[in-house]
Number of protein chains: 2
Amino acid sequence: MYAEGMAQSRNIPLTKRPISDERATSLSTAFSALSDPIRLRLFDLVRRAGETGVCSCDLVEPLDRSQPTISHHLKVLREAGLVDSRREGTWLWYFAVPDCLSDIQTFLP
Amino acid sequence: MYAEGMAQSRNIPLTKRPISDERATSLSTAFSALSDPIRLRLFDLVRRAGETGVCSCDLVEPLDRSQPTISHHLKVLREAGLVDSRREGTWLWYFAVPDCLSDIQTFLP
DNA sequence: TTGATACTTTGACAAACGTCAATATATCCA
DNA sequence: TGGATATATTGACGTTTGTCAAAGTATCAA
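This section reports on the structure supplied with the text.

## Some details on the relation of the copies chain B and chain A
- Superposing chain B onto chain A takes a rotation of 180° combined with a translation of 0.0 Å along the rotation axis, leaving an RMSD of 0.0 Å. Classification of the inter-copy transformation places it as that of a two-fold axis. Closest approach to the rotation axis among the C-alpha atoms of chain B is made by Phe-31 of chain B, whose C-alpha sits 2.5 Å away.
- A shared interface surface links the copies, since 100% of the contact residues of chain B are contact residues in chain A too.

## A look at the sheet that holds strand β2 (residues 83–88) of chain A
Residues and elements named next belong to chain A.
- If you walk across this open sheet you meet the three strands as β1-β3-β2, and the pairing is antiparallel. The sheet is open, and its two edges are formed by β1 (54–55) and β2, each paired on a single side.
- Across six bridges, β2 lies against strand β3 (residues 91–96) in antiparallel orientation. Bridge pairing in β3 places Glu-88 opposite Trp-91.
- Together, β1, β2 and β3 form the strand contacts of helix α2 (residues 37–48), whose direction differs from that of β3 by roughly 95°.
- Helix α4 (residues 67–79) rests against β2 and β3 of the sheet, and its axis sits at about 120° to β2.

## Describing the sheet that holds strand β1 (residues 54–55) of chain B
All names here are of chain B.
- Reading across from one edge, β1-β3-β2 is the order of the three strands in this open sheet, with antiparallel pairing throughout. Both outer strands of the open sheet, β1 and β2 (83–88), are each paired with one neighbouring strand and no more.
- Along the sheet, helix α2 (residues 37–48) contacts β1, β2 and β3 (91–96); its crossing angle with β3, the most-contacted strand, is approximately 95°.
- The strands touched by helix α4 (residues 67–79) within the sheet are β2 and β3, with β2 carrying the most contacts at an inclination of about 120°.

## A few points about the protein's contact with DNA strand C
- By nearness alone, 29 residues border DNA strand C, and Gln-67 and Ser-71 of chain A together with Arg-65, Thr-69 and His-73 of chain B come closest of all.
- Sugar and phosphate atoms form 68% of the subset of DNA strand C atoms that lie within 4 Å of the protein.
- Leu-92 of chain A places a main-chain nitrogen or oxygen 2.8 Å from a phosphate oxygen of DNA strand C.
- Contact between DNA strand C and Ser-66 of chain B: a phosphate oxygen at 2.9 Å from a main-chain N or O atom of the residue.
- Secondary-structure elements contributing two or more residues to the surface near DNA strand C are α4 and β3 of chain A together with α2 and α4 of chain B.
- By residue number, the principal contributor to the surface near DNA strand C is α4 of chain A, which donates five residues.

Thresholds applied
- The residue numbering used here restarts from 1 in each chain and proceeds along that chain's sequence as written.
- Key to labels: chains lettered from A, ligands numbered from 1, both in the order written.
- Per-residue local features are limited, in this predicted model, to residues with pLDDT of at least 70; the limit for side-chain atom pairs, both in listing and counting, is 80 or more; totals at the level of whole chains, interfaces and linings are taken over all residues.
- Only hydrogens and water are set aside when side-chain values are computed; all heavy atoms of the structure are taken into account.
- Least squares is the method used to superpose the copies, on C-alpha atoms of residues holding a pLDDT of at least 70 in both.
- In what follows, residue pairs with any heavy atoms lying within 4.5 Å of each other are defined as contacts.
- Pairing between two strands requires that DSSP report at least two bridges joining them.
- In this description a helix means any DSSP run of H or I spanning at least four residues, a strand means any run of E spanning at least two, and both kinds are numbered starting from the N terminus.
- The axes are straight lines fitted to the C-alpha atoms, using for helices just the contacting stretch, and the angles between their N-to-C directions are given from 0 to 180°.
- It suffices for a single heavy atom of a residue to lie within 4 Å of a molecule or strand for the residue to be listed as near it.
- The definition of a polar contact used here is a pair of N or O atoms within 3.5 Å, where within protein one atom must be able to donate a hydrogen and the other to accept one, and adjacent residues in sequence count solely through side-chain atom pairs.

Distances and angles like these do not, on their own, reveal function.
So, in structure tokens, the structure goes:
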């Protein structure tokens, strides 16, 4: 049976300097943005389009999702700071934010 | 109004070699495992414990979650291939799988 | 101003998720 | 064999998420 406060610590140096709660939340937002297969492919497509970016209308067909769904995913990516957009007439060109993954980079070993 | 198949392609070289669906799914599993703040801190704690690992009982208190919740998160991390465990008596020592993030590494710029 | 195209927002719904209490399983020790 | 500790599983719950149809907003051109 498991009872309150009965856990016996193994007295192992748990952590020297554990990640802060704030940083964990910030990082998890970035990870979360890439945690859906469609959204990951979406980001991949946008990133591959380089500085020029890619017209959002060209992203619907290859991902086999409705246009509103793609729009929703792009919003998630933008709010996570991974992509941004530039308007050109009625079109929106999406591009990857430079160094958007540097924070994740520093977390990896 | 948005109508079926009306999207006009901008004829931009969309992708040279877009990520495959399988790879996207595999990668998103890893990202998903780190998409929760508590689970991210959990992995951070385990990883910091090095080869020896850390006793699961020492992870409940610092993360301020119930024992079943920590157990659940550890299972998610294990199924994502990020951590593994070694039994020692009644204890389970969790440790980070070496190079578990190499796949994510190769995805980053 | 009217119509066409590009995109976003809203509303709805099922599925997945994070959480905990309660219970079950595993391992050791007396 | 029992009791104690460590961990996992089950079941339930409210919340979040991915999705689409429908409707709304934006921009341009005739």
